[in-house]
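# An overview of the molecular structure
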Amino acid sequence: MKKIKEFSQIFIVLLILTSCRSSINKDFPVIKTEGDIIEKNNQEKKRMELKFSCGDDGISKYLDNGWIILKEDSQEKICTWKSVPASKDCDIEKDKGCKITKPDKIGEEKIYLLEK
């Protein structure tokens, strides 16, 4: 009985030690040469999502800085709103309850997914 108890304690300690060692190795990989360091930095890519609406387009400055468009999407978007009276007899200045807000200009929103 005493041997079984000792064996189980040794087994538990070995199990804990081996699990800790494998997690340390995964978190901190050993880099042997400078070439490995350069490859690791090149593998880390940055991604960014940009949205431009209603005729604004500033994507060219990102493309000039080395960003690449991975995905481009466009959606219809309301650019400006206007207030109109609900009826002919309605005075917007005196009676705020008869004011209706409607879309004035409808434009396009472009969504870009960029990677560097």
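Structure: see above.
Described below are features of the structure shown in this document. All residue numbers refer to position in the chain's written sequence, counted from 1. The model is predicted, so local features are restricted to residues of pLDDT at least 70 and side-chain atom pairs to those at 80 or more, both for listing and for counting; the totals for chains, interfaces and linings are taken over all residues. Water and hydrogen atoms were dropped before computing side-chain values, which therefore reflect all heavy atoms in the structure.

## Here's the deal with the side chain of Ser53
Under the DSSP-based scheme used, a helix requires at least four consecutive residues in state H or I and a strand at least two consecutive residues in state E, with every element numbered from the N terminus. Turning to its location among the elements, Ser53 is positioned in strand β1 (residues 47-53). Accessibility here uses a 1.4 Å probe with only protein chains present; expressed as a share of the type maximum, an area under 20% marks a residue as buried, one over 50% as exposed, and anything in between as partly exposed. Its relative accessible area of 17% is what places Ser53 among the buried residues. Residue contacts are defined here by distance: any two heavy atoms, one from each residue, within 4.5 Å place the two residues in contact. Sequence-distant contacts of Ser53, that is, excluding residues within four places in its chain, are made with Lys77, Glu108 and Glu109.

## Observations regarding the pattern of salt bridges
The rule for a salt bridge is simple: a side-chain nitrogen of Lys or Arg has to be within 4 Å of a carboxyl oxygen of Asp or Glu. A full pass over the atoms with the stated rule returns 2 salt bridges. As a salt-bridge pair, Glu115 and Arg47 come within 3.2 Å of each other at their nearest N and O atoms. With Glu115 in strand β3 (residues 99-115) and Arg47 in strand β1, the pair connects residues that are 68 residues apart, well separated along the chain. Overall, Arg47 belongs to the exposed group, its relative accessible area being 58%. Between Glu109 and Lys77 there is a salt bridge; the shortest N-O distance is 3.9 Å. Remark: Lys77 occurs in strand β2 (residues 68-85) and Glu109 occurs in strand β3; sequence separation between them is 32 residues. Classification of Glu109 by relative accessible area gives buried; the value is 11%.

Spatial relationships are all this shows, so hold off on functional conclusions.
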